[in-house]
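Letter by letter, the chains look like this.
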Number of protein chains: 2
Amino acid sequence: MTVIPIYRKDSTHPQAQICQACAVRQFAFFGALDDNGLERIHQHIADQRIEPGQSIFSAQEAGQAVFTVRSGVVRLERVSERGDRRILRLAGRTDLIGLESVLSQRYAADAVACTPVEVCRIPRTLVDELSAAEPQVVLDLMKRWQRALDDAEEWLAELTTGPARRRMLRLLLKLSEYAQPGDMVWLPMRDEMGAMLDMTVETASRMVSALRREGVLEPMGTREAHLDMTRLMQALRAQDST
Amino acid sequence: MTVIPIYRKDSTHPQAQICQACAVRQFAFFGALDDNGLERIHQHIADQRIEPGQSIFSAQEAGQAVFTVRSGVVRLERVSERGDRRILRLAGRTDLIGLESVLSQRYAADAVACTPVEVCRIPRTLVDELSAAEPQVVLDLMKRWQRALDDAEEWLAELTTGPARRRMLRLLLKLSEYAQPGDMVWLPMRDEMGAMLDMTVETASRMVSALRREGVLEPMGTREAHLDMTRLMQALRAQDST
DNA sequence: CGAAAACTTGATTAGCATCAAACCAGGTGG
DNA sequence: CCACCTGGTTTGATGCTAATCAAGTTTTCG
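Analysis parameters
- Residues numbered from 1 in each chain as written.
- Chains lettered and ligands numbered in written order.
- Predicted model: local features only at pLDDT ≥ 70, side-chain atom pairs only at ≥ 80, totals over all residues.
- Heavy atoms only, no water.
- Helix = DSSP H or I, 4+ residues; strand = E, 2+ residues; numbered from the N terminus.
- Buried < 20%, exposed > 50% of the residue type's maximum accessible area, 1.4 Å probe, protein only.
- Domains from an automatic or database assignment.
- Contact = heavy atoms within 4.5 Å.
- Buried area = accessible area lost by both parts, 1.4 Å probe.
- Salt bridge = Lys/Arg side-chain N within 4 Å of Asp/Glu carboxyl O.
- Polar contact = N/O pair within 3.5 Å; in protein donor to acceptor, adjacent residues only side chain to side chain.
- Least-squares fit on C-alpha atoms with pLDDT ≥ 70 in both.
- Expected span 1.5 Å × (residues − 1).
- Core = buried A, V, L, I, M, F, W, Y, C linked by side-chain atoms within 4.5 Å.
- Disulfide = S-S within 2.5 Å.
- Pairing = 2+ DSSP bridges.
- Axes fitted to C-alpha atoms, helices over the stretch in contact; angles between N-to-C directions.
- Near = heavy atom within 4 Å.
- Nonpolar A, V, L, I, M, F, W, Y, C, P; charged D, E, K, R; others polar.

Caption draft 1: Region of interest: unusual backbone geometry. All names here are of chain B. Backbone geometry places Asp183, a non-glycine residue, at a positive phi of 60 degrees. Looking at where Asp183 falls in the secondary structure, it is placed in the loop between helix H6 (164-176) and strand S9 (184-186). In this structure Asp183 comes out as exposed when scored by relative accessible area, which is 51%.

Below, the structure is given as structure tokens:
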């Protein structure tokens, strides 16, 4: 528990308390900043709530800000030359998305909320100022780029190859990384699964149904499910050994 | 044409001339440096020649250096959980690989020469020193991370989806980016194509043979080919419209 | 020159896409 | 409150694409 200094307890700016109390702060972009640093910046940061299906930013748009995901799951997707949507990777709590805006580049992909999402919008100009003042910030940025690259490469190696059943199992494993408190994982719509795993809705549905019958998966309310991790890992091992 | 100052014309260190005359210097990592900066560093840089099939670095190895590719084509690949090799992306002239070493992280993938390759090995410690001295260098690093991410995402969106024929056509298009002077492109082995496009050697062979018969592709000597770009683009359009 | 490696081609089969139809949940308006 | 509609999901039947299995051919290199 951090003790909040008295002089700031009744700060006039409402964002002050929010940044101060931010649950993801220690992992997130401004973990590197001390309270003083935080004080200087909070008025430029806006926190936003985004409903499922709504876009956070779009590909080709001139990037003006990066976003820290405070809760929920965001998908990053592109439309291929052929015209079909492909989901490239997911971002969750503590992830920073839209990094390319720091370089004054256009966003390279669409970012769309999969669940209700809370993000903090951090303007590019602010990142520039901070980078000049705090060398830690630049290092943190580079680490985040590397993480994004790692995620993309892992997605490519594990989620685009092998039979449909294996890809679905690996997706569930990945989704478990974004689990809510209470073991609940977000269960994507079947067409989202299709865009992630390069399969049709019908195939996605068949795989999910099969796994439900096997007890790997238990849908709990719309768009959520409980995973039996033991059975999931077991199914994966069985899959990979054949 | 840069005029080379007299005082350096007979520098004792052989690497001095090489760095000075480096054909990729303006695009490569040290484009940001002036001659003075270059003078300070060249003794730490080693240029290496690597034969096809040889490894430049391996995944999990503690990264001690980044590498600028001066010529040839390098593949970045991972072994999936299931145990099969997956090629994630390619790197060519002016690309910088092994960026994660700057963060003192382990290499995330294997880097293997596809053709005869020339690289400059740049130690991590040198990058650190330069970053402190020259702010441009850090910006350049971030741009390169973003480029790597872009490449990985494009690979995912264009080369992992659609029928085998389309994926092969798109691979040829990508290979044309790495063309030699004289329109010659490197033609991978069939099993490399398989690892790039997630198909078997047999399917890769069938696709290449078909495209050769259609005149899209003309093998010229081992491991090289001439592409008819007009027919290639035409075949791609026909493919995507169906 | 001979062996190994890479490539090609053919026949058969498995897995997934496609087409088609039914099913279900949640929201709306009569 | 219920009938209805809509968007998402499930299931079934059929066909096509690419994997697999199996030779055979060409190239490479000691």
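From this point, the narrative continues.
Caption draft 2: Region of interest: the domain arrangement of chain A. All names here are of chain A. Examined at the domain level, chain A breaks down into domain 1 (6-158) and domain 2 (161-241). Across the boundary between the two partners, domain 1 contributes 15 residues, which contact 13 residues of domain 2. Between domain 1 and domain 2, a total of about 1400 Å² is buried, with carbon and sulfur atoms accounting for 56% of that surface. Looking at the side of domain 1 facing domain 2, the largest losses of area belong to Leu90, Trp155 and Glu158, adding up to 36% of the total buried there.

Caption draft 3: Summary view of the interface of chain B and chain A. The partner chain A presents 37 residues to the 37 residues of chain B that form the contact. Between chain B and chain A, the buried area comes to about 3600 Å², and carbon and sulfur atoms account for 61% of it. At the boundary of chain B and chain A, one finds 6 salt bridges. One salt bridge in this structure joins Glu153 of chain B and Arg89 of chain A, with 3.1 Å as the shortest N-O distance. For the pair chain B and chain A, the interface holds 16 residue pairs in polar contact (both at pLDDT 80 or more).

Caption draft 4: Structural context of the relation of the copies chain B and chain A. Of the transformation superimposing chain B on chain A, the axial component is 0.0 Å and the angular component is 180 degrees, with the fit at an RMSD of 0.0 Å. Between the two chains, the operation in question is that of a two-fold axis. Identified as the residue of chain B closest to the rotation axis by C-alpha distance is Leu149 of chain B, at 2.6 Å. Taken together, the interface assignments show that 100% of the residues at the interface of chain B recur at the interface of chain A, consistent with an identical surface on both copies.

Caption draft 5: Focus on H6 of chain B. Here H6 of chain B spans 19 Å end to end across 13 residues, near enough to the 18 Å set by a 1.5 Å rise per residue. All of the buried residues in H6 of chain B are Ala164, Arg166, Arg167, Met168, Leu169, Arg170, Leu171, Leu172, Leu173, Lys174 and Leu175 of chain B.

Caption draft 6: Examining the nonpolar core more closely. Judged by nonpolar contacts, the single largest core of 71 residues is most densely connected at Leu90 and Met168 of chain A together with Leu90 and Met168 of chain B. When residues in this core are grouped by element, the largest group, 7 residues, is from H6 of chain B. Sequence-distant contacts of Leu90 of chain A, that is, excluding residues within four places in its chain, are made with Val73, Val74, Arg75, Asp95, Trp155, Leu175, Tyr178, Trp186 and Met196 of chain A. If you look at the next biggest cluster of nonpolar residues, it comprises 40 residues, including Val66, Cys120 and Leu141 of chain A together with Leu96 of chain B.

Caption draft 7: The arrangement of the state of the cysteines in detail. For the coordinates displayed, the defined rule picks out 0 disulfides over all chains. The closest cysteine sulfur to the non-disulfide-bonded Cys114 of chain A is located on Cys120 of chain A, 19 Å from its own sulfur.

Caption draft 8: Quick peek at the sheet that holds strand S9 (residues 184-186) of chain A. All names here are of chain A. With respect to topology, 3 strands assemble into an open sheet ordered S9-S11-S10, the strand pairing being antiparallel. Both edges of this open sheet fall to S9 and strand S10 (217-219), since each of them pairs with a single strand only. Between one strand axis and the next, the sheet turns through 40 degrees on average, direction left out of account. Note: S10 against strand S11 (residues 224-227), 3 bridges, orientation antiparallel. Counted as the bridge partner of Leu217 is Leu227 from S11. Here helix H6 (residues 164-176) sits on the sheet in contact with S9, S10 and S11, set at roughly 115 degrees to S9.

Caption draft 9: Just the protein's contact with DNA strand C, in detail. Neighbouring DNA strand C are 17 residues, the closest being Ala164 and Thr203 of chain A together with Arg190, Ser205 and Arg223 of chain B. Counting only the atoms of DNA strand C that lie within 4 Å of the protein, the sugar and phosphate share comes to 62%. One nitrogen or oxygen atom from the main chain of Ala164 of chain A is found 2.7 Å from a phosphate oxygen belonging to DNA strand C. Here a phosphate oxygen of DNA strand C sits 2.9 Å away from a polar atom, N or O, in the side chain of Ser205 of chain B. At the level of elements, helix H8 (201-213) of chain A together with helix H8 (201-213) of chain B are the ones that each hand at least two residues to the surface near DNA strand C. By residue number, the principal contributor to the surface near DNA strand C is H8 of chain B, which donates 6 residues. Partitioning the surface near DNA strand C into residue classes produces 4 nonpolar, 4 polar and 9 charged.

Caption draft 10: Broad picture of the protein's contact with DNA strand D. As a structural note, the neighbourhood of DNA strand D is formed by 18 residues, with Arg190 and Arg223 of chain A together with Ala164, Thr203 and Thr222 of chain B the closest of them. Near-protein atoms of DNA strand D (within 4 Å) split between backbone and bases, with sugar and phosphate holding 64%. Within the contact set of DNA strand D, a phosphate oxygen lies 3.2 Å away from a side-chain nitrogen or oxygen of Ser209 of chain A. The separation between a phosphate oxygen of DNA strand D and a polar main-chain atom of Ala164 of chain B is 2.5 Å. Considering each element in turn, the surface near DNA strand D owes the most residues, 6 residues, to H8 of chain A.

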